[in-house]
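# Coordinate inspection notes
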Amino acid sequence: MNTVLKSVIFTLMAIVALVGCSKQEEKKPGETAAPQGQVTKKQTTVVVPNSVKGKWKAVKIAVTDKTTKKDTVYTVNIGSEVTLPGGNLTIKVDNFLPQFVMEGTTLTSQSNEPKNPAAQVRVIENGKEIFKGWLFTLYPTTHAFQHPRYGFTLQDFVPAG
């Protein structure tokens, strides 16, 4: 009898646990839950220190055509853009940080020394922005933009006159 009673109690506890786990939590009106498995990306801010502003004129970006395996280096002024031959792909250089660091959600440069050079670029294809991110000289594969035909690397940087 003791064994039967224990079995019944165990079974009841298991049923209560299963029912309790499958019960949906009630949401308060206006409350929304973040989708499971999705990471909320915090907005970053780029701060170009005064010690860096105006000290760099341009960056050199190597564009590799994967079909011909040919590299072409484009010199793009900071704040400007270049359109690749064919006219459907444009590279815009927004910022250059000679010693890129990330401090929380702020992207900045620790100094004007090119110890970890990075260029913030945008790639526009057929009028649509397909990439906005950073190219790093020392770490060319870090956060590298994957394009079916072209590869992009930060080759060099040009100081202001």
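Relevant structure appears above.
None of these values were measured; they are calculated from a predicted model.

A large share of strand β2 (residues 56-65) lies buried, amounting to seven of its ten residues. As paired strands, β2 and strand β10 (residues 150-159) are joined by nine bridges and run antiparallel to one another. Each bridged residue has a counterpart across the sheet, and for Ile61 the counterpart in β10 is Leu154. The sheet contact formed by β2 and strand β3 (residues 70-77) spans eight bridges and is antiparallel. Looking across to β3, one finds that Ala58 is bridged to Asn77. Where β2 hands over to β3, the hairpin turn is made up of four residues, of which Lys69 adopts a positive phi near 60°.

What follows concerns the side chain of Thr90. Position of Thr90 relative to the elements: it lies in strand β5 (residues 89-97). When its relative accessible area of 11% is taken as the criterion, Thr90 is described as buried. A polar contact is formed between the side chain of Thr90 and the side chain of Thr83, at a distance of 3.2 Å. Those residues in contact with Thr90, other than ones at most four positions away along the chain, are Glu81, Val82, Thr83, Arg122, Val123 and Ile124.

Criteria and cut-off values
Residues numbered from 1 in each chain as written. Predicted model: local features only at pLDDT ≥ 70, side-chain atom pairs only at ≥ 80, totals over all residues. Heavy atoms only, no water. Buried < 20%, exposed > 50% of the residue type's maximum accessible area, 1.4 Å probe, protein only. Helix = DSSP H or I, 4+ residues; strand = E, 2+ residues; numbered from the N terminus. Pairing = 2+ DSSP bridges. Polar contact = N/O pair within 3.5 Å; in protein donor to acceptor, adjacent residues only side chain to side chain. Contact = heavy atoms within 4.5 Å.

Any functional reading would require information that these geometric values do not contain.
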